[in-house]
Amino acid sequence: MSDPTSTFPTTLEREPQPQPPVWVVRPPRQRWWVYFLFLVLTLCSTMIVGARMEFYFQQHLSVFSLSDDSLPLFPVAWIAQHPANLLMGLSFSLTLMFILFAHEMGHYLYARHYRVYATPPFFLPFPSLIGTLGAFIRIKSPIPSRAALFDIGIAGPIAGFIPACAALVVGLSLSHPLAHSSASELQLGFPLAFYVAGNLLHIGVPLSGLSLHPIAAAAWVGMFATSLNLLPGGQLDGGHIIFSLTPRLHKWISLLTVVAMVPLGKYMWTGWFLWAVLLAMTARHPRVPRYPDVAGRRVTLAFGAALMLILSFTPAPFTHSSGREVWPQMRDGSRQTLHDLGDEVRHLLNRK
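The structure presented is a predicted model; accordingly, all values stated were derived computationally and were not measured.

Enquirer: How do you make sense of the overall build of the protein chain when you look at a structure like this?
Expert: Each helix and strand counted, the protein chain has eleven helices and four strands in total. For the protein chain, the residues scored as buried account for 44% of the 352 residues in total. Counted over contacts in the protein chain with a minimum sequence separation of 6, partners at least 24 positions apart contribute 78%. Summed over all atoms, the accessible surface of the protein chain reaches about 20700 Å², with 66% contributed by carbon and sulfur.

Enquirer: Hey, could you run me through the environment of Ala306 in this one?
Expert: Here Ala306 shows up in helix H10 (residues 297-312). The exposure class of Ala306 is partly exposed, given its relative accessible area of 35%. Residues Ala306 and Leu231, spaced 75 residues apart in sequence, show a C-alpha to C-alpha distance of 9.3 Å.

Enquirer: I'm lost on helix H9 (residues 271-281) in this one. Help?
Expert: Spacing of three or four residues puts side chains on the same side of an α-helix, whose turn is 3.6 residues. Taken residue by residue, H9 has Gly271, Trp272, Ala276 and Leu279 as its buried positions. Viewed along the axis of H9, the buried residues span an arc of 145°, placing them on a single side of the element. For H9, the exposed residues set more than 90 degrees away from the buried face come down to Leu274 and Met281.

Enquirer: Got a minute to help me understand the pairing of strand E2 (residues 132-136) in this structure?
Expert: Residues in a regular strand project their side chains so that they alternate between the two faces of the sheet. Looking at chain direction, strand E1 (residues 122-125) and E2 are connected through four bridges and run antiparallel. Opposite Phe123, over in E2, you have Ala135 as the bridge partner. Turn length for the E1-E2 hairpin, with the two strands adjacent in sequence and antiparallel, is six residues, and the turn residue Gly131 shows positive phi of about 80°.

Enquirer: Explanation requested: a positive patch on the surface in the structure shown.
Expert: Taken together, Arg248, Lys251, Arg284, Arg287 and Arg290 make up a surface patch of like positive charges. On the basis of relative accessibility, which here comes to 43%, the residue Arg290 falls in the partly exposed class.

Enquirer: What is the right way to look at the side chain of His250 in this model?
Expert: By the secondary structure assignment, His250 is in helix H8 (residues 247-267). Setting aside residues no more than four positions away along its own chain, His250 makes contact with Gly233, Gly234, Gly239, Ile242, Phe243, Ala283 and His285.

Enquirer: It is not clear to me how the nonpolar core should be interpreted in this structure. Could you clarify?
Expert: Side chains of a nonpolar character, in soluble globular proteins, are inclined to be buried together. Judged by nonpolar contacts, the single largest core of 54 residues is most densely connected at Leu168, Leu172, Phe194 and Leu212. Of all elements in the fold, only helix H1 (32-58), helix H3 (90-113), helix H4 (146-174), helix H5 (192-200), helix H6 (214-229), H8, H9 and H10 reach the threshold of two or more residues within this core. Examining the composition of this core, we find that ten residues originate from one element, H6, more than from any other. With residues up to four places along the chain from it excluded, the contact list for Leu172 reads Phe194, Ala197, Gly198, Leu201, Ile203, Leu207, Leu210, Leu212 and Ala216. The next biggest cluster of nonpolar side chains, apart from the first, holds twelve residues, and it includes Met105, Val116, Ile137 and Ala148.

Enquirer: Before we go on, may I ask you to explain the environment of Pro315 in this structure?
Expert: With respect to the helices and strands, Pro315 occurs in the loop between H10 and helix H11 (323-351). For Pro315, a relative accessible area of 32% corresponds to the partly exposed category. The spatial distance from the C-alpha of Pro315 to the C-alpha of Met261 is 9.8 Å, given a sequence separation of 54 residues. When neighbours within four sequence positions are excluded, Pro315 is seen to be in contact with Leu264, Met268, Trp269 and Trp272.

Enquirer: What exactly am I supposed to notice about the packing of H1 against H3 here?
Expert: For any two helices packed against each other, one specifies the inter-axial angle together with the distance between the axes. Across the interface, H1 lies against H3 with an axial gap of 7 Å and an inter-helix angle of 140°. Judged by the sense of rotation from one axis to the other, the crossing of H1 with H3 is right-handed. Contacts between H1 and H3 involve Trp32, Leu39, Thr42, Leu43, Thr46, Met47, Val49, Gly50, Met53 and Glu54 from the former and Leu90, Ser91, Phe92, Ser93, Leu94, Leu96, Met97 and Tyr108 from the latter. In the contact of H1 with H3, the residues fall into twelve nonpolar, five polar and one charged.

Enquirer: Which parts of the structure should I look at to understand the environment of Phe57?
Expert: Take Phe57: it is sitting in helix H1. Note: C-alpha distance between Phe57 and Leu210 (153 residues apart in sequence) is 9.8 Å. When near neighbours in sequence (up to four residues on either side) are disregarded, Phe57 contacts Val63, Leu174, Ser175, His176, Ser211, Leu212, His213 and Pro214.

Enquirer: Looking at this structure, how should I read the confidence of the model for the protein chain?
Expert: Parts of the prediction with low pLDDT should not have their coordinates interpreted in detail. A residue-level look at the protein chain finds 83% of positions with pLDDT of 70 or above and a mean pLDDT of 87. Below a pLDDT of 50 lies the segment residues 1-13, which in the model reaches two contacts outside its immediate sequence neighbourhood of four places, other chains included.

Enquirer: Sorry, what's going on with the side chain of His107 here?
Expert: If you trace the backbone, His107 turns up in helix H3. Given a relative accessible area of 6%, His107 falls into the buried group. Here His107 is in contact with Ile137, Ile152, Gly153, Ala155, Gly156, Pro157 and Asp237, once residues within four sequence places are set aside.

Enquirer: Please clarify how the pattern of salt bridges should be interpreted in this entry.
Expert: Once the charged atoms of two side chains with opposite charge are near each other, the side chains can pair. Counted under the stated rule, the structure contains two salt bridges. The partner of Arg146 in a salt bridge is Asp293, and the shortest N-O contact between them spans 3.0 Å. Taken together, the residues Arg146 in helix H4 and Asp293 in the loop between H9 and H10 connect sequence positions 147 residues apart. Residue class for Arg146 comes out buried when judged on its relative accessible area of 5%.

Cut-off values and rules
Residues numbered from 1 in each chain as written. Predicted model: local features only at pLDDT ≥ 70, side-chain atom pairs only at ≥ 80, totals over all residues. Heavy atoms only, no water. Helix = DSSP H or I, 4+ residues; strand = E, 2+ residues; numbered from the N terminus. Buried < 20%, exposed > 50% of the residue type's maximum accessible area, 1.4 Å probe, protein only. Contact = heavy atoms within 4.5 Å. Areas by Shrake-Rupley, 256 points an atom, 1.4 Å probe, with all protein chains shown as cover. Arc of directions from axis to C-beta. Pairing = 2+ DSSP bridges. Patch = residues over 30% accessible without salt bridge, like charges linked within 9 Å, V, L, I, M, F, W, Y side chains within 5 Å. Salt bridge = Lys/Arg side-chain N within 4 Å of Asp/Glu carboxyl O. Lys, Arg positive; Asp, Glu negative; His and termini not counted. Charge placed at Lys NZ, Arg CZ, Asp CG, Glu CD. Core = buried A, V, L, I, M, F, W, Y, C linked by side-chain atoms within 4.5 Å. Axes fitted to C-alpha atoms, helices over the stretch in contact; angles between N-to-C directions. Left-handed = near helix turned anticlockwise from the far one by under 90°. Nonpolar A, V, L, I, M, F, W, Y, C, P; charged D, E, K, R; others polar. pLDDT = per-residue confidence, 0-100.

Here's what the structure looks like:
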């Protein structure tokens, strides 16, 4: 029973306890002009290489031709002499930019859905064979759950893989046989998706004998980018998916992926050595709350991501570029360079 004369204060009489302060961190204002500027620059750089591809495609040659009598890798002077030629690169540029943009927007929109602060897609122009180093977004706030990590991680590959498949079908249907091939030209390897599409479209010649339409070339780049992002390790999209499913195994799966890159680099493509180093450097995944677990339809989607990796992965993106083929050439070239340098030094000494 209660004692009305008690000297102890009742619940209503107690003084309110001080509450901990709540800090609201507002995201900084975006410099949208920077993102737009690099978007335009990347559009221009991909149009330049796309115009080069269209020029060779119209001559029934390899669109990735690197022979001595070809146009420069990044034919700025050719475009400057004939500005109208830049429009020839629209098909490649718009297709590739849409695939990359769809991929990054998949990440961005799901990040916004979970109230995770992320930057808009940032494109990287580069005077390379494809005119770009890709695009990325930066996530600058913690991810609230493993389910959110899974959804953000897998949304990009799905959003990019679908238009890449559509571009593959359209591009292959527009491709035609090569007029002739040269051993000095860069020869592509193809992912499984290209062979499946080739069989469905009843392509009459091997893929290596095709002059790819620039749209098909953009699909090849999109497939390659998708497979790289889906590698199961580090902080790639595939690594995010693995961590969301099983955080404890993420470290070991990342290590196995790095180890698998070594024989791939030796026997398939030397570029896998670089990817092994990058994965090893980013193997540590940021912390995400362990609970609740990822289950249900997300596990089914994880198998879908594995299927996308199988369809888009190319063990040898460029033929005759494995370590055991490239290293002897580099060794012989270095020896010849040192020999020539020695002869030059001896010649100078004899003159003195």
